[in-house]
Structure formats: C-alpha cells, structure tokens
Amino acid sequence: MKREFSAGFIVYSEDAGKPKRRMFLFLVRENGALDMPKGLIEKGESALVAALRESKEEAGLSLERVPSFKTGYSFFKRENGELVHKHVTLFLARVPAGTGIRISWEHKGYKWLDFNDALKKLYKDEVEAITMANDYIDRIDEMDAINREYSRLPERKGWSLSKRLVSGEGPLNSEVMVIGQAPGRFEDQSGRPFIGASGKLLDRLLRLAGLKREDVYITSVVQFFPPKNRKPSDEEIRMCVPFLKRQIDVIRPKVVVLLGAVSAGTLAGKGKVMSEHGTFVEKEGITYFVTLHPAAGVRLKKNVPVLENDFRLLKKRLQGKRTVQ
Ligand code: URA
C-alpha cells in the first residue's frame, strides 16, 4: 500500500485581552473544507523543515516552533482507486495577533477560529490534534506563570542560592518527569537542567529505560544553584517545593522519577535511597520511582550498575503504562 507523509503547523495567536482570546488559523480549500498549513514531506526533508516550508508557501508565515510540542495522526484515503495510508505530523507555532496571512493558489481564503468553533468544523483526527494543542498552550501559560513567580523568590531577605532560576526542560505533557536535587555550576551558567556529567549519565540511563531525553520533563527539587554545590537546606527545600508541586500538577506525568535522597525524601518520604532505590511509591495519586542521583554514579563507579538496573526496572513498568510510543 502507498504511504504518504505530510507535515504542518497548528498556528495560534492570543490577544492582550483579559481573558486572552486564543484563535487558531485555518486555510480554506476550494471545497470549503478547513486545513492547517501543511503539505507533503519532500525527499531528504525532515518533518519540521517540510512544515516550515509549507507554512511559508501556503500562508506566507515564517514560523518559530513552540519547543517540544509534536502530534500527529494517520488515516486511509482512496485516491484514483488506490488506497493510501496518510501520516500527518503537526507542530505548534504562535504568531502575534493581527499577523498578516498571504495565501497561495492552493486555498481560497483563511479563517481565524476560536477553539470551540474550530471543533465544530474539523474531522475527528484534527479535533484531537487541536484539543491537544489547546491543552498544551494552557500548560505553557500555567508553567510560565509559576516560573515567573518562582523566579522572584530570590528577592526574599537572606537568599543565598544563585538568583538564576534553572527551570525544567521538556514537553509539558510528558508521561515521565525526572526530578533531581538542585542545579550545578554548569546548569547555573547555561540555565538548563542536567547538562553536566550527571546529565550525560542521566541521558544514557533514560535510553536504558527506553526514553529519549527530549521526551521527558527534567527538573530539580530546588531550581536555583546552591553555591559550592552544597546540599540545599531544609528551609530552601521548604520554600521551593510548593512551586515544584504546582509544576507536577501542570505536567500530570504517569511516573515521576526521583533522583537521590533529597528528591526521594522530599516527595515520597523515601530518603534512604541506598536501601529503597528501585521501588515505586504511590502517593496522593502520583506514581513515584525512587533511584539514586546520577551524581552517585559519576562519583563512584560501583553505583552505575545499580542505576542501570533501576532504569531497566523503570522500562518494564513504563511498558505497561505507556500510551504513546
Ligand atoms: N543535579 C541536579 O539535581 N539537577 C540538575 O539540574 C543538575 C545536576
């Protein structure tokens, strides 16, 4: 059977109103059907490159992808008597309200629709894609609000951590969230979590669990660097944890991996990681998985196989829980 791959963008804009009005862009075909800017992936092109090219050609837009969001669907269609299996990949992009659209000969017009109006006019697969995008945008707004508030914590009297918030990284709808202790010096310099030696080991461990770094949400209990890499104090943890809990609520992960004693002790009450690692804990509707901090493997080689075994256990558990491959 013939297979065809196409890619495009779910494009949205939000105005400055309160509440903000969120509108999605659709191109109108000759037969009146609505379409997103999308088209066939050409030979040698990645899905993203094709999506960027198509949105330029079909709507005159130079888009910047919302990091990490990607969805897709597939369906069968008969074309000239032949059954074709079509696969669609969609990315997400935000444009300023009032952005000009320049359509090509392929469409007769365009429409901006709010979420509810869009739902009435789309096919089932497209409804699912737009619903996922709309939910993702809500999460972006919620996470931004949390991080804006969190980044003001250093204004408090007596603050002795770095003033730079190293916020989490990864898809806001990840099924797996990974939580370490606190950023290190490299993380503080770059503003990204787990990019030093522990991060390299973590990436490898995630692969053992069948996960790619870009598919999980990675962060720490305390998201400010404690100078000289000291352990965060109980008071610092107490100040930071409410923000972390709100972040977990935004992500709504299926499993939260707790790296090391600070993380496992704070969130699951399992601070004795050397004896409690490799265990799953259900608490307040969340499934936690307790393991060592990768730094323990960087410091002491004999901890590496312990970590590896734990991540293999995690893989087994995820295989039973995963909804998206
Ligand atoms: N260790 C952590 O716990 N968090 C980071 O971001 C980096 C190292």
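Residues numbered from 1 in each chain as written. Predicted model: local features only at pLDDT ≥ 70, side-chain atom pairs only at ≥ 80, totals over all residues. Heavy atoms only, no water.

As for the pattern of salt bridges
Here is the rule: Any Lys or Arg side-chain nitrogen located within 4 Å of an Asp or Glu carboxyl oxygen qualifies as a salt bridge.
Inspection of the entire model under this criterion finds 30 salt bridges. A salt bridge links Lys212 to Asp215; its shortest N-O distance comes to 4.0 Å. Overlapping salt bridges, with partners in common, bring together Glu14, Lys20, Arg22, Arg94, Asp138 and Asp141 in one network.

Some details on the domain arrangement of the protein
As a reminder of what qualifies: Marked domain ranges trace back to an automatic or database domain assignment. In this description, contact between two residues means that some pair of their heavy atoms is separated by no more than 4.5 Å. Buried surface area refers to the total accessible area, computed with a probe of radius 1.4 Å, that the two partners give up upon joining, counted for both partners together. We define a polar contact as two N or O atoms separated by no more than 3.5 Å, with the added condition that, inside protein, one atom must be a possible hydrogen donor and the other a possible acceptor, whereas residues neighbouring each other in sequence contribute only through side-chain atom pairs. Three classes are used: nonpolar for Ala, Val, Leu, Ile, Met, Phe, Trp, Tyr, Cys and Pro, charged for Asp, Glu, Lys and Arg, and polar for all others, with Gly counted as polar.
You can read the domains of the protein as domain 1 (2–140) and domain 2 (158–321). Facing 6 residues of domain 1, the contacting portion of domain 2 comprises 7 residues. Taken over both partners, the interface formed by domain 1 and domain 2 buries close to 590 Å², and the fraction arising from carbon and sulfur atoms is 51%. Summed over the three residues of domain 1 that lose the most area to domain 2, namely Ser68, Tyr136 and Arg139, the buried surface amounts to 83% of that side. Our count for the domain 1 to domain 2 interface comes out at 1 salt bridge. Among the ionic pairs, Asp135 bridges to Arg252, the shortest N-O distance being 3.1 Å. Taken together, domain 1 and domain 2 are joined by 5 residue pairs in polar contact (both at pLDDT 80 or more). Classifying every residue of the side of domain 1 that touches domain 2 by side-chain character gives 3 nonpolar, 1 polar and 2 charged.

Quick word on the site of the ligand
Selection rule: Here, proximity means that at least one heavy atom of the residue falls within 4 Å of the molecule or strand. Each accessible area value is a Shrake-Rupley result obtained with a 1.4 Å probe; residue values ignore everything except the protein chains displayed when judging cover.
The environment of the ligand is made up of Gly180, Gln181, Ala182, Pro183, Glu187, Pro193, Phe194, Ser220 and His293. Separating an oxygen atom of the ligand from a backbone N or O atom of Gln181 is a distance of 2.6 Å. Between the ligand and the protein, one listed contact pairs an oxygen atom with a backbone N or O atom of Phe194 at 3.1 Å. In isolation the ligand offers 230 Å² of accessible surface; the protein chains occlude 93% of this area. For the shell around the ligand, the residue count by class is 4 nonpolar, 4 polar and 1 charged.

Description of the packing of aromatic side chains
Here is the rule we go by: Two aromatic rings from Phe, Tyr or Trp, using only the six-membered ring of Trp, form a pair when their centres are within 6.5 Å; if the ring planes differ by under 30 degrees the pair is stacked, by over 60 it is edge-to-face, and anything between is tilted. Every helix listed is a DSSP run of H or I at least four residues long, and every strand listed is a run of E at least two residues long, numbered separately from the N terminus. Residue burial is assigned from relative accessible area. The probe radius is 1.4 Å, only protein chains are included, and a residue is buried under 20% of its type maximum, exposed over 50%, and partly exposed in between.
Under the criterion given, the structure shown has 8 aromatic pairs. Both rings, one in Phe9 and one in Phe91, keep their centres 5.9 Å apart while their planes meet at 45°; by these two values the pair is tilted. Within this pair, whereas Phe9 is found in strand β1 (residues 2–14), its partner Phe91 is found in strand β6 (residues 82–94), the two being separated by 82 residues in sequence. Overall, the relative accessible area of 0% leaves Phe9 in the buried class. Judged by centre distance (4.4 Å) and plane angle (5°), the ring pair of Tyr150 and Phe243 falls under stacked. Taken together, the residues span a long stretch of sequence, with Tyr150 in helix α3 (residues 124–150) and Phe243 in helix α6 (residues 234–251) at a distance of 93 residues. Taken together, the aromatic side chains of Tyr150, Trp159, Phe224 and Phe243 make up a single cluster linked through ring pairs.

Considerations on unusual backbone geometry
Here the residue pair Lys18 and Pro19 is connected by a cis peptide bond, since its omega of 0° sits within 30 degrees of zero. Along the chain, the position of Pro19 falls in the loop between β1 and β2 (22–28). Although it is not a glycine, Asn80 adopts a positive phi angle of roughly 50°. Mapping Asn80 onto the fold places it in the loop between β5 (71–79) and β6. By relative accessible area, Asn80 is classed as exposed at 86%. The phi dihedral of Asn229 falls on the positive side, at around 60°, and the residue is not glycine. Mapped onto the fold, Asn229 is located in the loop between β9 (217–220) and α6.

A look at α6
How we decide: Expected span of a helix, by definition, is 1.5 Å for each gap between consecutive residues, and there is one gap fewer than residues. Bend is computed residue by residue as the angle between axes fitted to the seven residues ending at the residue and the seven residues starting at it.
If you check α6, its first and last C-alpha atoms are 25 Å apart, about what 18 residues at 1.5 Å a residue would give, namely 26 Å. Maximum bend of α6: about 35°, positioned at Cys240, with proline Pro242 one to four residues after it. Regarding α6, the residues found buried are Glu236, Ile237, Met239, Cys240, Val241, Phe243, Leu244, Gln247, Ile248, Val250 and Ile251. Looking at the buried positions of α6, the neighbouring elements they touch are α3, β8 (176–180), β9, α7 (260–268) and β12 (286–291). Of the residues flanking the end of α6, it is Arg252, one or two places downstream, whose phi is positive at about 50°.

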